[in-house]
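# Coordinate inspection notes
Here is how the chains run, residue by residue.
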Amino acid sequence: MNKPINGPRISSVADLYAAAYQIEADAAERYELLAGQMETHNNPELVAVFRDLARAEGIHRDEIKRLAGDIDVVAHARRMAKWNRGDSPEEADLGAAHYMMTPWHALQLALAGEKRALAFFTSVADSAKDPEVKKMADEFVEEEAEHVNLVHRLLRRYPVPPESWKQDDDPPVPHE
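Residues numbered from 1 in each chain as written. Predicted model: local features only at pLDDT ≥ 70, side-chain atom pairs only at ≥ 80, totals over all residues. Heavy atoms only, no water.

The subject of this paragraph is the side chain of N43. Along the chain, N43 turns up in the loop between α1 (13-40) and α2 (44-67). When near neighbours in sequence (up to four residues on either side) are disregarded, N43 contacts M38, Y99, M100 and M101. (Helix = DSSP H or I, 4+ residues; strand = E, 2+ residues; numbered from the N terminus. Contact = heavy atoms within 4.5 Å.)

This is the structure:
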């Protein structure tokens, strides 16, 4: 059995589909959580960006489920595709979220996740002994590389924020 960097052991195509499914499901869930946080902090532009990211990851998750055919990826993922909370490759880092972040920051979080997923699938492809697992992992590598390129293209729409982006002249006050 091959254990890729920071992930479950992948020894079959079913394992690979389950891991891929879980990666996308974790990412979609995290982006929805971030959208909710941005809603709480009245940052509607970020709510929209995170909901769009969650929707895209949900589409990827559902596509993997469809491609897996008769494999019950949901049940298989519950059994084997477990990461510690926050370690799933595409799961955005909650610690990097800030109520005044901009779409540029959100896309940086997404880019980091896509790069981690690309590294994960690359390690699976590089270490696979089963030719079918290698072939499928190579397909996931191609897809994640496309996702990295897409996020780079999206980043071109947003300027790099100034160093003072966190400065808030009217910061929130916690309720007691």
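Continuing now.
A few words now on unusual backbone geometry. Despite not being glycine, N42 shows a phi value in the positive range, around 55 degrees. By the secondary structure assignment, N42 is in the loop between α1 and α2. Residue classification places N42 among the exposed positions, given a relative accessible area of 65%. (Buried < 20%, exposed > 50% of the residue type's maximum accessible area, 1.4 Å probe, protein only.)

Time to look at the nonpolar core. For soluble globular proteins, nonpolar side chains are generally found buried alongside one another. Ranked by internal contacts, the top residues of the largest apolar core, which has 26 residues, are I10, L16, Y17, F120, F121, V124 and F140. Listed by contribution, the elements that provide at least two residues to this core are α1, α3 (73-80), α4 (103-127) and α5 (131-155). (Core = buried A, V, L, I, M, F, W, Y, C linked by side-chain atoms within 4.5 Å.)

So, about the side chain of D26. Looking at the secondary structure, you find D26 in helix α1. We classify D26 as buried; its relative accessible area is 10%. Ignoring sequence-local partners within four residues, the contact set of D26 consists of W83, S88 and E91.

Further remarks concern α5. With 25 residues, α5 extends 36 Å from end C-alpha to end C-alpha; this agrees with the ideal 36 Å at 1.5 Å per step. Buried within α5 are the following residues: V133, M136, A137, F140, V141, E144, H147, V148, V151 and L155. Summarising the contacts, the buried residues of α5 are in contact with α1, α2 and α4. (Expected span 1.5 Å × (residues − 1).)

With that out of the way, let us pick up the packing of aromatic side chains. Using the criterion set out here, one finds four aromatic pairs in the structure. Their ring planes at 20 degrees and their centres at 6.1 Å tell us that Y31 and F50 sit as a pair that is stacked. Taken together, the residues span a long stretch of sequence, with Y31 in helix α1 and F50 in helix α2 at a distance of 19 residues. Since its relative accessible area comes to 0%, F50 is described here as buried. With a centroid separation of 5.0 Å and an interplanar angle of 25 degrees, the aromatic rings of F121 and F140 are classed as stacked. Taken together, the residues span a long stretch of sequence, with F121 in helix α4 and F140 in helix α5 at a distance of 19 residues. Neither F121 nor F140 differs from the other in exposure class; each is buried. Here a set of aromatic residues connected by ring pairs shows up, and it is made of Y17, F120, F121 and F140. (Phe/Tyr/Trp six-rings, centres within 6.5 Å; stacked < 30°, edge-to-face > 60°.)

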